[in-house]
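# Report on the structure
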Amino acid sequence: MIDVRPVFFVIGILLAVLAAVMILPAAADAAAGNRDWTVFAVSAGITLFFGVALIIGNRAPRLHIEVREAFLLATLAFIVAAAAAALPMVLCGLHLNYTDAYFEAMAGLTTTASTVISGLDSAPPGILLWRALLQMLGGIGFMAMAVVVLPFLKVGGMQLFRMDSARESDRALPRTAQVATGIAAIYLVFIAIDATLLWVAGMTGFQAVVHALATVSTGGFSSSDESIGHFKSLPIEIVTTVFMLLGALPFALYLQLMRGRPGRLLRDSQVRAFFGLYAATVLVLTLWQWISGGETFWGALRTVSFTIAAVMTTTGFVTADYDTWGGFAAAVILFLMAVGACTGSPAGGIKIFRLEVLYAATRAQIRRLIQPHGVFVPEYGGRPIPDSVASSVMGFFFLFALTFAVLSLALGATGLDFLTSVSGVASAMSNVGPGLGPVIGPGGNYAALPDAAKWLLSLGMLLGRLELYTALVLLWPGFWRG
């Protein structure tokens, strides 16, 4: 049987941390003279009560988590944290029902820019800060899971990074916990630098902090309904683009950079493929907009470079309505939503490394067909790819396609049109935020969707954030039988 005590113990700690973080938006509301500070105080008290109860009720002489407990913990952590994080949004003056509040909280913790809130420009500062803090916590939590948990669970080919990081990181820092701490420190330094530059570029101090938290986490929650487009500022767009791209790179490689090994970051195949795809897409769509859209070249370059960075990094910020760019651009953006960015970053999507593994395996198979007696081994980063990694990646692609199809059909059954259903699922599973079409496109939000659709998309965000295997394995009867 699964020992749930260590799982509930860790979730109790998580709830206690969440309650402590609620003090920050409470202070922001109190400083602004907004009565919603009491909402955060009450929510913190309720969350802390349940957190302490789980800690006291599940204490054990030795905290030991096996593989099955790790799967259960990773999934329950997001579900329970979103349930607690939704409390302030229900109790505050935004008049959200629990479905909307849970959707918003799940979007924050999974660093997805999907929102059901309108009138952000006049929203209380506490709620705006709370949404951004959820994305910061979700980004740190996912990177810790990507470094410590997922390679250990060997899901979706992540064991490849266990082998890679075991050799590199053990020389850089003695223990995995220290690696995670180093990554979190770099993450927070990026947020501080980004906030400072945004403030210098023209944002208020509060706006700069909110957008920096949402940028480095690749979350995309803004303090305005118009997102970054509200500021109409080229310096702000440049700073945001740079930090979106920095946030989409493997943070473990920044540790190597700090230790005087910049070559590790520059030579990494994921990083090179990511920037190659970004540059090629920006060039093609800029020319497309310049020729067919009637824009000047520099105007097209400005909007396209920002939009593609927001989509590829799964941040979801908006400065232009890309729904008006035509069918070709919409198809490219939908594809980039699914691709995502690099493993080891808070960004979502299928991830560049999986596409590289799939390409290497396909290339080796084609060469075997041409030369049946030859020996061809797929490689990643100059090293052979184990069969277990290749099969795990192929299984991930199958699960992604199957889940995408099932959720799209389920959304269609709620009454949504084809474009909204398909782009909504793609955006949710890749943790992007805005979809395509007049309802959930860059000019709209998710408020008009029926409650059933919001729960389905919340599930899609969770599955995408947990790399599918981690959550779906709980549905396998053999998992519970051991």
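Residues numbered from 1 in each chain as written. Predicted model: local features only at pLDDT ≥ 70, side-chain atom pairs only at ≥ 80, totals over all residues. Heavy atoms only, no water.

The next subject is the overall build of the chain. When helices and strands are tallied, the chain shows 22 helices and two strands. Principal-axis analysis of the C-alpha atoms gives the chain an extent of 75 × 70 × 50 Å. Within the chain, buried positions represent 55% of all 482 residues. A separation threshold of at least 6 residues defines the contact pool for the chain, and within that pool the share at least 24 residues apart is 73%. (Helix = DSSP H or I, 4+ residues; strand = E, 2+ residues; numbered from the N terminus. Buried < 20%, exposed > 50% of the residue type's maximum accessible area, 1.4 Å probe, protein only. Contact = heavy atoms within 4.5 Å.)

Before going further, it helps to examine the packing of helix α19 (residues 418-429) against helix α20 (residues 451-465). Two numbers describe a pair of packed helices, the interaxial angle and the distance between the axes. Running from N to C, α19 and α20 point in directions that differ by 40°, and their axes come no closer than 7 Å. Classed by the angle they form, the pair α19 and α20 counts as oblique. Across the interface between the two elements, G424, V425, A428 and M429 of α19 pack against L457, G460, M461 and G464 of α20. (Axes fitted to C-alpha atoms, helices over the stretch in contact; angles between N-to-C directions. Parallel < 35°, antiparallel > 145°, perpendicular 65-115°, else oblique.)

Looking at the chain, the pLDDT average stands at 89 and 95% of residues meet or exceed 70. Below pLDDT 50 for its whole length, residues 163-174 participates in 16 contacts with residues either more than four positions away or in separate chains. (pLDDT = per-residue confidence, 0-100.)

Inspection of the secondary structure assignment puts A410 in helix α18 (residues 387-413). A410 sits in the partly exposed class, given a relative accessible area of 25%. Each C-alpha atom, one on A410 and one on L456, is 7.8 Å from the other, the two residues being 46 residues apart in sequence.

Enumeration according to the criterion identifies 18 aromatic pairs in this entry. A ring pair is formed by F190 and Y254, whose centres lie 5.1 Å apart and whose planes are at 80°; its orientation type is edge-to-face. Here F190 is found in helix α9 (residues 176-201), whereas its partner Y254 is found in helix α12 (residues 251-258), with 64 residues between them in sequence. Using a relative accessible area of 4% as the deciding quantity, one classes Y254 as buried. An aromatic cluster of three or more residues is present, and its members are Y187, F190, F243, F251 and Y254. Cation over ring: R131 sits above F221, and NZ or CZ is 3.9 Å from the ring centre. Over the aromatic face of F396 sits the side chain of R354, whose NZ or CZ is 3.8 Å from the ring centroid. (Phe/Tyr/Trp six-rings, centres within 6.5 Å; stacked < 30°, edge-to-face > 60°. Lys NZ or Arg CZ within 6 Å of the ring centre and 35° of its normal.)

The next point concerns the pattern of salt bridges. Close approach of charged atoms allows side chains of opposite charge to pair. Taken as a whole, this structure holds five salt bridges when the rule is applied. The salt bridge partner of R131 is E104, with a shortest N-O separation of 2.9 Å. Taken together, the residues span a long stretch of sequence, with R131 in helix α7 (residues 125-153) and E104 in helix α6 (residues 98-109) at a distance of 27 residues. Side by side, R131 and E104 carry an identical accessibility label, which is buried. Ionic pairing is found between R302 and E237, a salt bridge with its closest N-O pair at 2.8 Å. With a gap of 65 residues between them, R302 in helix α15 (residues 297-312) and E237 in helix α11 (residues 234-247) connect regions that are remote in the sequence. Each of K351, R354 and E467 takes part in a single network of salt bridges with overlapping partners. (Salt bridge = Lys/Arg side-chain N within 4 Å of Asp/Glu carboxyl O.)

Below, the discussion takes up the side chain of S43. Note that S43 resides in helix α3 (residues 37-57). Look at S43 and you get buried, because its relative accessible area is 0%. Leave out the neighbours within four places in its chain, and S43 touches M22, L87, P88 and L91.

What follows is about the nonpolar core. By size, the foremost hydrophobic cluster in this structure holds 146 residues, and its most contacted members are W130, L134, F251, F274 and I308. Top element by residues in this core is α7. It accounts for 14 residues. The contacts of F251, once residues within four sequence positions are left out, are M143, I183, I186, Y187, F190, V216, L246, G344, S345 and P346. (Core = buried A, V, L, I, M, F, W, Y, C linked by side-chain atoms within 4.5 Å.)

It is worth spelling out α18 at this point. For α18, spanning 27 residues, the distance from its first C-alpha to its last is 39 Å, which sits close to the expected 39 Å at 1.5 Å a residue. In the segment just after α18, G415 is the residue with positive phi, at about 105°. (Expected span 1.5 Å × (residues − 1).)

Between the first and last C-alpha of α7 there are 39 Å, a value that for 29 residues agrees with the 42 Å anticipated at 1.5 Å per step. A maximum bend of about 45° is found in α7 at A146. Of the residues trailing α7, K154 is marked for its positive phi of about 60°. (Bend = angle between axes of the 7 residues up to and from the residue.)

Moving on, we come to the environment of A31. Secondary-structure assignment places A31 in helix α2 (residues 23-31). Each C-alpha atom, one on A31 and one on P125, is 9.5 Å from the other, the two residues being 94 residues apart in sequence.

Attention now moves to unusual backbone geometry. Residues other than glycine seldom take positive phi values, yet H95 does so here, at roughly 60°. If you trace the backbone, H95 turns up in the loop between α5 (87-91) and α6. Under the relative-accessibility criterion, H95 is labelled exposed at 73%. Its identity is not glycine, yet T218 carries a phi of approximately 55°, on the positive side. In this structure, T218 sits in the loop between α10 (205-216) and α11.

On the surface, V42, I46, F49, F50 and L91 cluster together to form a nonpolar patch covering roughly 490 Å² of accessible area. Residue classification places V42 among the partly exposed positions, given a relative accessible area of 46%. (Patch = residues over 30% accessible without salt bridge, like charges linked within 9 Å, V, L, I, M, F, W, Y side chains within 5 Å. Areas by Shrake-Rupley, 256 points an atom, 1.4 Å probe, with all protein chains shown as cover.)

Moving on: the side chain of T470. You can see T470 is positioned in helix α21 (residues 469-472). Ignoring any residue separated from it by four or fewer positions in sequence, one finds T470 in contact with F71, A74, T75, L150, L153 and V155.

Moving on, we get to the packing of α11 against α15. Across the interface, α11 lies against α15 with an axial gap of 9 Å and an inter-helix angle of 35°. The interaxial crossing formed by α11 with α15 has left-handed handedness. Contacts between α11 and α15 involve L234, E237, T240, T241, M244 and L245 from the first element and R302, S305, F306, A309 and A310 from the second. When the residues that make up the contact of α11 with α15 are grouped by side-chain class, the tally is six nonpolar, three polar and two charged. (Left-handed = near helix turned anticlockwise from the far one by under 90°. Nonpolar A, V, L, I, M, F, W, Y, C, P; charged D, E, K, R; others polar.)

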